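# Coordinate inspection notes
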Number of protein chains: 2
Amino acid sequence: MRDVALHAGVSPKTVSNVMNGYPYIREATRLKVLASIEALGYQLNLSARNLKSGRTGIIGLAVPRLNLPYFAELADAVIGAAEEHGLTVMIEQTGAVRERELGALSRPRGHLVDGLLFSPLGLGPDDADYLRISTPMVLLGERIFHGPADHVMIDNVNGTRAATQHLLQLGRRRIAVIGTHPGEVVGTAAIRYGAHLSALAEAGVKPVHKLAVEAGPWHRSNGADAMEKLLASGAKFDAVLGLNDTLALGAIRVLTKHGFRIPDDVAVAGFDDIDEASFSTPTLTTVDPGRAQIATAAVELLVERMNGDDSDHRELVIPFELHRRESTIGSNS
Amino acid sequence: MRDVALHAGVSPKTVSNVMNGYPYIREATRLKVLASIEALGYQLNLSARNLKSGRTGIIGLAVPRLNLPYFAELADAVIGAAEEHGLTVMIEQTGAVRERELGALSRPRGHLVDGLLFSPLGLGPDDADYLRISTPMVLLGERIFHGPADHVMIDNVNGTRAATQHLLQLGRRRIAVIGTHPGEVVGTAAIRYGAHLSALAEAGVKPVHKLAVEAGPWHRSNGADAMEKLLASGAKFDAVLGLNDTLALGAIRVLTKHGFRIPDDVAVAGFDDIDEASFSTPTLTTVDPGRAQIATAAVELLVERMNGDDSDHRELVIPFELHRRESTIGSNS
DNA sequence: TTGAAAGCGCTAACAT
DNA sequence: ATGTTAGCGCTTTCAA
């Protein structure tokens, strides 16, 4: 920068002013400086600026894994939303492991991120205190904690209830659930399963507990394994609720392999509305949690916090939408 | 850091030494300093370190979009590989747009990344000069350029040839191709299509040009649209080669909708071996480009460059593998 | 094995 | 509208 200043015959501060779009510069000076910058191939050193300003223009995004389509599509949306605000995104994969999630919180990249978007999956309610960090943060996804942080939430409860009600309306009464996490009380699995049970109860349908099948990480393979196990158990069912889309798709795979017709023999619904759900065979009935809105709302909220807003913590619930597709209502052709 | 030094009764430099694992410190001093760090909740300011050392511990990853499963899974692998080297990944989405790709090159985040992994899709051979940048860089994916940069390549040619040969071995002779980019000479689409043609020629099969269908971005939806167009044209075919998996899956969707049986009426193959290919209905025959190996090799190469290795540019071709699945060979049940 | 001094490149605050 | 001064928090000499 000094070199540029010399080359242009101005002070370093003027160069800095030009770089930052400071308005009160004579146009002639500005052009002169710009020319020198060009001539010398000068590039601003962000580390230096950050050191001085305490800001990096980077926000962190902590998600389980990018090989989970929901989170990949969420990351895509977040990166896009951040760009609108001139921010870059650093992604940290936590693997939904508690220790790694705590790591992402405790050491927000050594002052290298101005804010953090955090999708907690491994944390429990006892960990709420860890969320009191000095870096601005917005939680994404589940209503796990009431408390010390902003939260942009999926409407898990009403979304899942809508899916279950849809299956009930189709006359299905024996609904298998894929992807429960027994023992978990907070967390997506517990919330969605609870909402499912409440919808059943409301309709006066008794739940069949052996139709609820556990699945660890919500990959397709685990959905497939869970369905194999369910079939092996000999239990009868006329519908399947995958607690997310990949589980449902894995289950569909196995059902098809075993000769079940979908939706005639078994109707299947999921949750997330990942891109694939519109193109799978059959297309998948699922709950769209409003990914794009989640991303823009979360980034907006975070930016406000980064700008010093220290008003009370807010919880935002994004409206969901149920997409009825072939896996429950068949093809219309 | 000064505060920590005061608290521990040592000089800032000693604290720095402790932070950096400098070996020649008395254990007692080390523990004292560690205690003070803990007591004061001290966190190293990376911006400051970077300013001094010129290193950030961050590498950039420039890919088209994370909503393309291949790139999401690649990013996942890269983040994992980078972690092994203590590096963090900043993802830049270029949208496969030339201008944005040039942007990622010209302004590698203002010295904020120590190196760059770059998946060029929008650049042409005329842009080779732009690849001569001072930041260490490794190109990922396609053999677009011979030249000024390290390159970890998918074996597009042999992979595609294997897929085509597989279709030919099944007795298919009228193979539709989904996803061509007419006018493109370098780039994935052109390379794979060219390889397909060469495999046909070698087998003495005459290509049917109207069976090659264009598709812009390689999304499922574009694969579906392309297949609709192909069917509307009335052309007859007994196989489909999707130039990537999502195109193939989109095409399968449409074929199924129109009542074609796969693979009996039409065999379908793709390229990428995304996770979904193992779980779709039918499962998808596809070419596995060795994503994990690509990621680890690329990060390794990049780390060497970042450590000052300035030997000649290297080109690494990762071996592929053809996975034969239901979409071409049917179910074995 | 530890400390002192200097400076990385930038910008905030204050001149002018 | 532009320049001066000082210092962000760390590490790299070099000395002790």
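Only a predicted model underlies this, so the values are computations on that prediction, with no experimental measurement involved.

### Some thoughts on the interface of chain B and chain A
- In this assembly, 47 residues from chain B lie in contact with 47 residues from chain A.
- When chain B packs against chain A, close to 4200 Å² is buried across both sides, 54% of that on carbon and sulfur atoms.
- If you look at where chain B meets chain A, you find eight salt bridges.
- A salt bridge links E326 of chain B to R253 of chain A; the nearest nitrogen and oxygen atoms lie 2.4 Å apart.
- Summed over the shared surface of chain B and chain A, the number is 12 residue pairs in polar contact (both at pLDDT 80 or more).
- With six residues, the top contributor of residues to the side of chain B that touches chain A is helix 5 (residues 69-84) of chain B.
- Residue composition of the side of chain B that touches chain A, grouped by class: 18 nonpolar, 17 polar and 12 charged.

### Focus on the protein's contact with DNA strand C
- Neighbouring residues of DNA strand C: 22 residues in total, closest M1 and Y42 of chain A together with T14, I25 and T29 of chain B.
- Near the protein, within 4 Å, the atoms of DNA strand C are sugar or phosphate in 70% of cases.
- Here a phosphate oxygen of DNA strand C sits 2.4 Å away from a polar atom, N or O, in the side chain of T14 of chain B.
- Contacts to DNA strand C include T29 of chain B, whose side-chain N or O atom sits 2.4 Å from a phosphate oxygen.
- Of all the secondary-structure elements, those providing two or more residues to the surface near DNA strand C are helix 2 (12-19) and helix 4 (46-53) of chain A together with helix 2 (12-19) and helix 4 (46-53) of chain B.
- Looking at which element gives the most residues to the surface near DNA strand C, the answer is helix 4 of chain A, with four residues.

### Some details on the nonpolar core
- Judged by nonpolar contacts, the single largest core of 153 residues is most densely connected at I91 of chain A together with I91 of chain B.
- Not counting residues within four places of it along the chain, the set of residues in contact with I91 of chain B comprises L66, I79, V89 and I91 of chain A together with L61, V63, L66, A75 and I79 of chain B.
- In terms of nonpolar packing, the next biggest core, distinct from the first, is built from 32 residues, L112 and V113 of chain A together with L46 and L112 of chain B among them.

### With respect to the protein's contact with DNA strand D
- Taken together, the neighbourhood of DNA strand D is formed by 22 residues, with T14 and T29 of chain A together with M1, K13 and Y42 of chain B sitting nearest.
- If you look at DNA strand D and keep only atoms within 4 Å of the protein, 67% of those are sugar or phosphate atoms.
- Within the contact set of DNA strand D, a phosphate oxygen lies 2.7 Å away from a side-chain nitrogen or oxygen of S16 of chain B.
- In this structure, N20 of chain B approaches DNA strand D through a side-chain N or O atom, which is 3.4 Å from a phosphate oxygen.
- At the level of secondary structure, the elements contributing two or more residues to the surface near DNA strand D comprise helix 2 and helix 4 of chain A together with helix 2 and helix 4 of chain B.
- No other element matches helix 4 of chain B, which puts four residues into the surface near DNA strand D.
- Class assignment of the residues belonging to the surface near DNA strand D gives a composition of 10 nonpolar, six polar and six charged.

### Structural notes on the packing of helix 5 (residues 69-84) of chain A against helix 11 (residues 291-306) of chain A
Residues and elements named next belong to chain A.
- It is at 8 Å that the axes of helix 5 and helix 11 come closest, and there the two elements cross at 45°. Judged by the inter-axis angle, helix 5 sits oblique to helix 11. As for the relative orientation of helix 5 and helix 11, their crossing is right-handed in sense. Contacts between helix 5 and helix 11 involve Y70, E73, L74, A77, V78, A81 and A82 on the former and, on the latter, R291, I294, A295, T296 and V299.
- Class assignment of the residues belonging to the contact of helix 5 with helix 11 gives a composition of nine nonpolar, one polar and two charged.

### A few points about the sheet that holds strand 7 (residues 212-214) of chain B
Residue and element names in this part refer to chain B.
- Here six strands make up an open sheet; going across it, the order is 7-6-8-9-10-12 and the pairing mixed. The strands lining the two open edges of the sheet, one partner per strand, are strand 7 and strand 12 (321-323). Each adjacent strand pair in this sheet contributes to an overall mean axis angle of 20°, direction not counted.
- Here strand 6 (residues 175-180) pairs with strand 8 (residues 239-242) via four bridges, running parallel. If you follow V177 over to strand 8, its bridge partner there is L241.

### Re the pairing of strand 3 (residues 115-118) of chain B
Residue and element names in this part refer to chain B.
- Judged by which residues are buried, strand 3 turns out to be covered on both faces: G115 and L117 on one side and L116 and F118 on the other are all buried.
- Here strand 1 (residues 58-63) runs beside strand 3; their pairing, made up of four bridges, is parallel. If you follow I59 over to strand 3, its bridge partner there is G115.
- As paired elements, strand 3 and strand 4 (residues 137-141) share three bridges and run parallel to each other.

### Comments concerning the relation of the copies chain B and chain A
- Take chain B, turn it by 180°, move it 0.1 Å along the axis, and it overlays chain A with an RMSD of 0.1 Å. The superposition of one copy onto the other is thereby described by a two-fold rotation axis.
- When the interface residues of chain B are mapped onto chain A, 100% of them again fall at the interface, so both copies present the same face.

### Digging into the pattern of salt bridges
- Tallying each qualifying case throughout the model produces 38 salt bridges over all chains.
- When the shortest N-O distance is used, the salt bridge between R98 of chain A and E99 of chain A registers 3.7 Å.
- E99 of chain A sits in the exposed class, given a relative accessible area of 52%.
- For R132 of chain B, the salt bridge is made with D129 of chain B, and the minimal N-O distance between the two is 3.5 Å.
- Connected through salt bridges with shared partners, the residues D150, E304, R305, D309 and R314 of chain A form a single ionic network.

### Observations concerning the packing of helix 4 of chain A against helix 4 of chain B
- For the pair helix 4 of chain A and helix 4 of chain B, interaxial distance at closest approach is 8 Å and the crossing angle is 140°. Regarding the angle of helix 4 of chain A to helix 4 of chain B, the classification is oblique. Every pair of crossing elements has a handedness; the one defined by helix 4 of chain A and helix 4 of chain B is left-handed. Facing S47, A48, N50 and L51 of chain A of helix 4 of chain A, the residues of helix 4 of chain B in contact are S47, A48, N50 and L51 of chain B.
- Each residue belonging to the contact of helix 4 of chain A with helix 4 of chain B can be placed in one class, and the counts come to four nonpolar, four polar and no charged.

Quick notes on the rules
Sequence order as written defines the numbering, with residues in each chain counted from 1. Chains carry letters and ligands carry numbers; both start at the beginning, A for chains and 1 for ligands, and go up in the order they are written. Local features in a predicted model are, by the rule used here, given only for residues with pLDDT of at least 70; side-chain atom pairs are given and counted only at 80 or more, and totals for whole chains, interfaces and linings are based on all residues. By convention in this description, side-chain values take in all heavy atoms of the structure and omit both hydrogens and water. We call two residues contacting when some pair of their heavy atoms lies within 4.5 Å. Accessible-area loss on putting two parts together, using a 1.4 Å probe and summing over both, is the definition of buried area adopted here. Here, a salt bridge means any Lys or Arg side-chain nitrogen found within 4 Å of an Asp or Glu carboxyl oxygen. Polar contacts here mean pairs of N or O atoms no more than 3.5 Å apart (in protein, one a potential hydrogen donor and the other a potential acceptor; neighbouring residues in sequence count only if both atoms are side-chain atoms). The way it works is that DSSP assigns letters per residue, a run of H or I at least four long becomes a helix, a run of E at least two long becomes a strand, and they are numbered from the N terminus. Throughout this entry, Asp, Glu, Lys and Arg are counted as charged residues, while Ala, Val, Leu, Ile, Met, Phe, Trp, Tyr, Cys and Pro are counted as nonpolar. The remaining residues, Gly among them, count as polar. Nearness of a residue to a molecule or strand requires only that one of the residue's heavy atoms be within 4 Å of it. Grouping buried Ala, Val, Leu, Ile, Met, Phe, Trp, Tyr and Cys residues that are joined through side-chain atoms within 4.5 Å yields what is termed a nonpolar core. For every residue, the accessible area (1.4 Å probe, protein chains only) is compared with the maximum for its type, and the residue is labelled buried under 20%, exposed over 50%, or partly exposed between those bounds. Lines fitted to C-alpha atoms define the axes, with helix axes restricted to the stretch in contact, and inter-axis angles between N-to-C directions lie between 0 and 180 degrees. Put simply, angles under 35 degrees are roughly parallel, angles over 145 are roughly antiparallel, angles from 65 to 115 are roughly perpendicular, and the rest are oblique. The crossing is said to be left-handed when, going from far helix to near helix, the turn is anticlockwise and less than a right angle, and right-handed when the turn is clockwise. Two strands are said to pair when DSSP picks up at least two bridges between them. To line up the copies, we fit them by least squares on C-alpha atoms, keeping just the residues with pLDDT of at least 70 in both.

By themselves, these figures tell us nothing about what the structure is for.
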